[in-house]
Amino acid sequence: MAAHTSQSVAKAAGDEAGTPGVARGRSRRTDSGNGNTGGLRRALATHWYAWAMVAPVVLVLGVIIGWPLVRGVYLSLTNANERNVARDIGARHIDATYEFVGLDNYAAVLSDPVFVQRLVWTVVWTVACVSITFTLGLILANMLNREFRGRAAYRMALILPWAVPGFVSVFAWRFLFNRDNGILNKILDGGGIAAIPWLDDPTWAKFSVVAVNVWLGVPFMMVALLGGLQSIPGELYEAAEMDGAGPWQRFRHITLPGLRAVSMTVILLSTIWTFNMFPVIFLLTRGGPGDSTEILVTQAFREAFITSPRDFAVSATWGVLILALLMIFALVYRRSLRKQGEVW
């Protein structure tokens, strides 16, 4: 009897000892949840000035980027065109009559051979422009990173294309590429070489748009890589030279690793800009001859402003697909950088 009593007392004591522990555990979890909210409130209270400064920028970006993006996604799910959207004719207002069609536009665009053609040329154009621009920018940056007479003048001359408005540069190149009166063909004619149809032949037109875009993009690439080169400690080159490393070994084992972070960033930015480089294609060739130089973004423009009737839904569909492709590229690019140990 006494044994049973002692066991009951011990069990009751254990239950009483365990109960506060459970309560404390639950209390901790509750406090942890409240702590997150409290931490956010403290951050807002402590850094309210920073939040207040950021709020207008977020609001402006939401209006300028967020609303058109949402509107574009919505239009891509309809059959909106210039015949069924809301419009005013004189004093008469005509209401919109377009309807929701779901993913029909995406199915139509993705099954159209034109999309594949535009996508292939856009990828080729982007890879060609970015690779050539990066290579030339790296060469020029290495040249300008050395001490020589007149270096400042050379830097200003190489940065000049970046300072000139893009449409002015493209029109200047269009004049240079003119088949009959262009300076380039005049020079070739003086050397006894037949005139080249720079903008009239599909192959030469593709070469021309790549050349112009590279000319416009090299200054940015050069300046960015030059800044990266100047951040590499000179002691590394001196130590490598004392150890007997040649120019190529120093470039491979010091320069390239030192430029990795800058290179990854400028390649990503240059890829996005080139993928959407509307002015060069449209102002130089208008997608021609025929449609040989048409890229995705110019095709979206053509659907919305050139074709008749103007198809706003299909144009929006092209735009959403372009955004999706760039987002996929950025995610894959970021993942590859993380595998290489780069933080981005």
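Model, not experiment: these values are computed from the prediction. (Residues numbered from 1 in each chain as written. Predicted model: local features only at pLDDT ≥ 70, side-chain atom pairs only at ≥ 80, totals over all residues. Heavy atoms only, no water.)

**A look at the overall build of the protein**
Next, step 1: When helices and strands are tallied, the protein shows 14 helices and two strands.
Next, step 2: Taking all 344 residues of the protein together, 31% fall into the buried category.
Next, step 3: Expressed as a percentage of contacts within the protein between residues at least 6 apart in sequence, the contacts between residues at least 24 apart total 66%.
Next, step 4: Just so you have it, the protein exposes about 21600 Å², and 65% of that area is on carbon and sulfur atoms. (Helix = DSSP H or I, 4+ residues; strand = E, 2+ residues; numbered from the N terminus. Buried < 20%, exposed > 50% of the residue type's maximum accessible area, 1.4 Å probe, protein only. Contact = heavy atoms within 4.5 Å. Areas by Shrake-Rupley, 256 points an atom, 1.4 Å probe, with all protein chains shown as cover.)

**With respect to the side chain of E303**
Next, step 1: Relative to the helices and strands, E303 is located in helix α13 (residues 296-305).
Next, step 2: With no salt bridge to any partner, buried E303 finds its closest opposite charge in R302, at an N-O distance of 7.3 Å. (Lys, Arg positive; Asp, Glu negative; His and termini not counted. Salt bridge = Lys/Arg side-chain N within 4 Å of Asp/Glu carboxyl O.)

**Some points on the packing of helix α4 (residues 113-144) against helix α11 (residues 260-275)**
Next, step 1: α11 packs onto α4 with a crossing angle of 140° between their chain directions and a minimal axis gap of 9 Å. Judged by the angle between their axes, α4 and α11 are oblique. Like other packed secondary-structure pairs, α4 and α11 cross with a definite hand, here right-handed. In contact with T122, W125, T126, C129, V130 and F134 of α4, α11 contributes S263, I267, S270, T271, T274 and F275.
Next, step 2: Looking at the contact of α4 with α11, its residues break down into six nonpolar, six polar and no charged. (Axes fitted to C-alpha atoms, helices over the stretch in contact; angles between N-to-C directions. Parallel < 35°, antiparallel > 145°, perpendicular 65-115°, else oblique. Left-handed = near helix turned anticlockwise from the far one by under 90°. Nonpolar A, V, L, I, M, F, W, Y, C, P; charged D, E, K, R; others polar.)

**Remarks on the nonpolar core**
Next, step 1: Counting 34 residues, the largest nonpolar core has W125, V209 and V212 as the members making the most contacts within it.
Next, step 2: For this core, the secondary structure elements donating two or more residues are α3 (104-110), α4, α6 (166-176), α8 (202-230), α12 (278-284), α13 and α14 (312-339).
Next, step 3: Excluding its chain neighbours within four sequence positions, the residues that come into contact with W125 are V209, V210, N213, T274, M277, V280, I281 and I295. (Core = buried A, V, L, I, M, F, W, Y, C linked by side-chain atoms within 4.5 Å.)

**Thoughts on the pattern of salt bridges**
Next, step 1: Considering all chains together, one arrives at four salt bridges under this definition.
Next, step 2: For E294, the salt bridge is made with R302, and the minimal N-O distance between the two is 3.0 Å.

**Quick notes on the packing of α11 against α14**
Next, step 1: Two elements in contact, α11 and α14, have axes separated by 11 Å at closest approach and are oriented at 170°. The orientation of α11 relative to α14 falls into the category roughly antiparallel. Of the residues in α14, those in contact with S263, M264, I267, L268, T271, I272 and F275 of α11 are I322, L325, L326, F329, Y333 and L337.

**Observations concerning the environment of L158**
Next, step 1: If you trace the backbone, L158 turns up in helix α5 (residues 151-163).
Next, step 2: Setting aside its immediate chain neighbours within four residues, L158 contacts L140, L144, P219 and M222.

**Quick look at a nonpolar patch on the surface**
Next, step 1: Nonpolar side chains collect at one region of the surface, where V57, L59, V60, L61, V63, I64 and I65 lie side by side and expose about 670 Å² of accessible area between them.
Next, step 2: With respect to the secondary-structure elements, L61 resides in helix α2 (residues 48-75).
Next, step 3: Overall, L61 belongs to the partly exposed group, its relative accessible area being 46%. (Patch = residues over 30% accessible without salt bridge, like charges linked within 9 Å, V, L, I, M, F, W, Y side chains within 5 Å.)

**Some words on the packing of aromatic side chains**
Next, step 1: Scanning the entire structure with this criterion turns up 18 aromatic pairs.
Next, step 2: Relative to F177, the ring of W173 lies with its centre 5.4 Å away and its plane at 35°, an arrangement referred to as tilted. Of the two residues, W173 and F177, neither departs from the other in class, the shared state being buried.
Next, step 3: Relative to F301, the ring of F278 lies with its centre 4.9 Å away and its plane at 55°, an arrangement referred to as tilted. Taken together, the residues span a long stretch of sequence, with F278 in helix α12 and F301 in helix α13 at a distance of 23 residues.
Next, step 4: By relative accessible area, F301 is classed as partly exposed at 25%. (Phe/Tyr/Trp six-rings, centres within 6.5 Å; stacked < 30°, edge-to-face > 60°.)

**Here we look at the side chain of T274**
Next, step 1: In this structure, T274 sits in helix α11.
Next, step 2: Excluding residues within four positions of it along the chain, T274 makes contact with W125, T126, C129, V130 and N213.

**Details of unusual backbone geometry**
Next, step 1: Here the amide bond leading from G288 into P289 is cis, since omega sits at -5°, within 30 degrees of zero.
Next, step 2: Here P289 is to be found in the loop between α12 and α13.
Next, step 3: At the junction of S308 and P309, the peptide bond is cis and its omega measures out at 0° in the coordinates.
Next, step 4: Topologically, P309 is positioned in the loop between α13 and α14.
Next, step 5: Non-glycine residue R286 carries a positive phi angle of around 55°.
Next, step 6: Counting through the fold element by element, R286 comes out in the loop between α12 and α13.

**Here we look at the environment of S111**
Next, step 1: By the element assignment, S111 lies in the loop between α3 and α4.
Next, step 2: Here S111 falls in the exposed class, since its relative accessible area comes to 57%.

**Brief notes about the confidence of the model for the protein**
Next, step 1: Residues of the protein with pLDDT of at least 70 account for 88%, and the chain-wide mean is 84.
Next, step 2: α3 holds the highest mean pLDDT among the elements of the protein, 95, whereas helix α1 (residues 2-46) holds the lowest, 50.
Next, step 3: In the predicted structure, residues 1-33 sits below a pLDDT of 50 and forms zero contacts with residues beyond four places in sequence or in another chain. (pLDDT = per-residue confidence, 0-100.)

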